[in-house]
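Overview (structure and organization)
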Amino acid sequence: MATTGNLSEEQVHCSICLDVFTNPVSIPCGHNFCQSCILGYWKTSPLYQCPMCKKSFQKRPDISVNTVLREIAEQFKQIKIKTTEVKSSLSSSPPPSWEEVLCDVCLGEGRPKAVKSCLVCLTSFCEEHLKSHAARFTKHKLIEPVANMEDRMCPKHERLLELFCKKDQTCVCVLCTETDHRAHYTVPVEREWTEKKAQLKKTEIDVQQMVVDRIKKVEEIKHSVELNKASARKEIEESMQVFSELVRSIQKTQAELVLVIEEKQRQTERWAEGLITELEQEISELKRRHSDLENMARTDHIHFLKSFPSLCTTPSFKDWSETRIPTDTCVGLIRRSVSKLETTLKEMLDKLSESEIKKLQKYSVDITLDPDTANPWLQLSQDRHQVRHLGAWQDLPDHPERFDTVVIVLGHDGFTSGRHYWEVQVGDKDDWYLGVARSSVNRKGRISVSATHGYWALAMKKGQGYRVSTSPPLLLSLDPKLKKVGVYVDCEEGQVSFYDLKAQTHIYTFEETFTEKILPFFYLYCCDKASDTMVICPVHEKSL
């Protein structure tokens, strides 16, 4: 037992906090307490009473600092600090893990496990040393053995961190609820630990699922690369078959086309490799995060709650759900090369167009019309796949997205990436536009339908024939009359293409750089009567 003069260590311990006095004061009955402890005790008690002898006072008695006792208490604290330093220097073993707490009193290697930890001494004892400690300090509070005892104590009040402040999200002691955290909602740390443990489990599951999703995405990308390679080989073979039928004068064009296809495939492969590298980095980081979460789940309550805010949230990573590697190296590249020889290659172009249209089927999308954009002259079907000019004005709400002058309706969903294809039956109508438009196009007043103003369209103007919305408009010579039109959009390549599905031929392709969402659009003009219906058709192979 440590002594200073004729006093034992028990005599310099406050009976409230069970620790060595901090700024000790004496009350009229002669008993001594820490100044903050006795003042805090009186705040929580309806009477001004001595905690030791239970003597009551009518008003809060005057207290005075016991300077002699304060000096002795400071000496005891210095002795305790030095003893701890000696223990630390003599111990060559690494710090115990959360699963195994060793006795702090025993020295050397092979220290026995602790059976209890003292909240007053901040020391863990084996069974032998616990007997000695219990005989000397009968009032000390013991708990199950834990490491890092200092972390369990309030640095301000030197009391056990038993509560968790919901408002400030921190562990506090009982005295904290009377000072800095007064009127804050607090709960026992065990209850908060249980709630956070459940949250941690969910986060752990989310992180693990993110790892699984990214592993699947890596496999998907690798598979797409293989399909892309196969497609590239097939494209090369087809191009060789095509150009083998041509005269020697176009062999150079054929060789250049092969190089373009191969370069596109290499670009795709390099892009895929970059995506795989990025995904593998995220997987490694997520695995590390998962390991941290597993380790944190095994820590004690206090360390868990201190570490929880930094690890509990699900990591914010790139959303890979829409990432796709195109399996076709190109669509229409061969056709565009051969089309330079219009007359000579007309027959071959028709064959290539037919093959190209079949490829587009895999990019078909379900286009529906947006009633909030439809001009009041237009009537939509219930399934929003058909539109016609009603020949009469409808009293519709003046929605900000609605076209109020020009008889246009837009598709409900737009595109910012990827490849998309749909088919439209134009019937016998002879005054229409169809194609895509920027989502930001003006909806009010008179509108000029041209690529300059954000419309990429194929049009039929009564008495003027077919045209595309270039500036100025480019007239097209199409025969026979169009009945069904295929529309293809490649956002990455910046292409909008139109196809005559009856003749199985390509009509025209716009090349543009899209900087915002684009939407399908339909323009039906009719002066004074109802028009034929324009229908968005489902894509079936038999229609080709």
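Our subject is the structure listed above.
Right, let's walk through the structure included here. (Residues numbered from 1 in each chain as written. Predicted model: local features only at pLDDT ≥ 70, side-chain atom pairs only at ≥ 80, totals over all residues. Heavy atoms only, no water.)

1. Some points on the nonpolar core
Among the nonpolar cores identified, the biggest contains 51 residues, and Trp 432, Leu 434, Phe 521 and Phe 522 are the most heavily contacted of them. Apart from the residues lying within four places of it in its own chain, the contact partners of Phe 521 are Ile 408, Val 409, Leu 410, Tyr 433, Leu 434, Gly 435, Val 436, Ala 437, Val 449, Tyr 455, Trp 456 and Ala 457. Judged by nonpolar contacts, the second largest core, of 36 residues, contains Leu 175, Val 187, Leu 200 and Leu 293. (Core = buried A, V, L, I, M, F, W, Y, C linked by side-chain atoms within 4.5 Å. Buried < 20%, exposed > 50% of the residue type's maximum accessible area, 1.4 Å probe, protein only. Contact = heavy atoms within 4.5 Å.)

2. What to know about the packing of aromatic side chains
Summed over all chains, the structure comprises eleven aromatic pairs. Ring centres of Trp 456 and Phe 514 lie 5.3 Å apart, and the angle between their planes is 85°; this geometry places the pair in the edge-to-face category. Of this pair, Trp 456 sits in strand E19 (residues 455–461) while Phe 514 sits in the loop between strand E24 (505–511) and strand E25 (518–524), placing them 58 residues apart in sequence. When sorted by exposure, Trp 456 lands in the same class as Phe 514, which is buried. Here the aromatic rings of Tyr 508 and Phe 510 are separated by 5.0 Å at their centres, their planes lie at 75°, and the arrangement is edge-to-face. Here the basic side chain of Lys 318 rests over the ring of Trp 320, its NZ or CZ set 4.3 Å away from the ring centre. (Phe/Tyr/Trp six-rings, centres within 6.5 Å; stacked < 30°, edge-to-face > 60°. Helix = DSSP H or I, 4+ residues; strand = E, 2+ residues; numbered from the N terminus. Lys NZ or Arg CZ within 6 Å of the ring centre and 35° of its normal.)

3. Comments concerning the state of the cysteines
Tallied over the entire structure, the rule returns zero disulfides. Distance from the sulfur of Cys 154, which forms no disulfide, to the nearest cysteine sulfur (Cys 176) is 3.6 Å. Judged by its relative accessible area of 4%, Cys 154 is buried. With no disulfide of its own, Cys 165 lies 9.3 Å from the sulfur of Cys 176, the closest cysteine sulfur. (Disulfide = S-S within 2.5 Å.)

4. Points about unusual backbone geometry
For the bond from Ser 471 to Pro 472, the omega torsion is 0°, close enough to zero to count as cis. With respect to the helices and strands, Pro 472 occurs in the loop between strand E20 (465–468) and strand E21 (474–476). Omega for the peptide link from Asp 479 to Pro 480 comes to 10°, which places this bond in the cis form. Considering the arrangement of structural elements, one finds Pro 480 in the loop between E21 and strand E22 (484–490). A positive phi is found at Ala 183, a non-glycine position, where the angle reads about 70°. Looking at where Ala 183 falls in the secondary structure, it is placed in the loop between strand E12 (170–172) and strand E13 (186–188).

5. Focus: helix H6 (residues 301–311)
Every buried residue of H6 is listed here: Ile 302, Phe 304, Leu 305, Ser 307, Phe 308 and Leu 311. The N-cap residue of H6 is Asp 300: its side-chain oxygen and the backbone nitrogen of Ile 302 are 3.1 Å apart. (Polar contact = N/O pair within 3.5 Å; in protein donor to acceptor, adjacent residues only side chain to side chain.)

6. Remarks on the sheet that holds strand E4 (residues 32–34)
What links the strands of a sheet is backbone hydrogen bonding, and the strands pair in either a parallel or an antiparallel sense. If you trace the three strands from one edge of the open sheet to the other, you get E4-E3-E7, paired in antiparallel fashion. The outermost strands of the open sheet, each flanked by one partner alone, are E4 and strand E7 (64–65). Bridge count for strand E3 (residues 24–26) against E7 is two bridges, and the pairing is antiparallel. By the bridge assignment, Ser 26 is partnered in E7 with Ser 64. (Pairing = 2+ DSSP bridges.)

7. Comments concerning the pattern of salt bridges
Taken as a whole and assessed by the stated rule, the structure comprises 22 salt bridges. The partner of Lys 156 in a salt bridge is Asp 180, with the nearest N and O atoms 3.1 Å apart. One end of the pair, Lys 156, is in the loop between strand E10 (142–143) and strand E11 (163–165); the other, Asp 180, is in the loop between E12 and E13, and 24 residues separate them in sequence. Across the pair Arg 324 and Glu 220 runs a salt bridge, and its minimum N-O distance is 3.8 Å. Note that Arg 324 is positioned in the loop between H6 and helix H7 (333–338) and Glu 220 in helix H4 (residues 189–244), a separation of 104 residues in sequence. The partly exposed category is assigned to Arg 324, whose relative accessible area is 46%. (Salt bridge = Lys/Arg side-chain N within 4 Å of Asp/Glu carboxyl O.)

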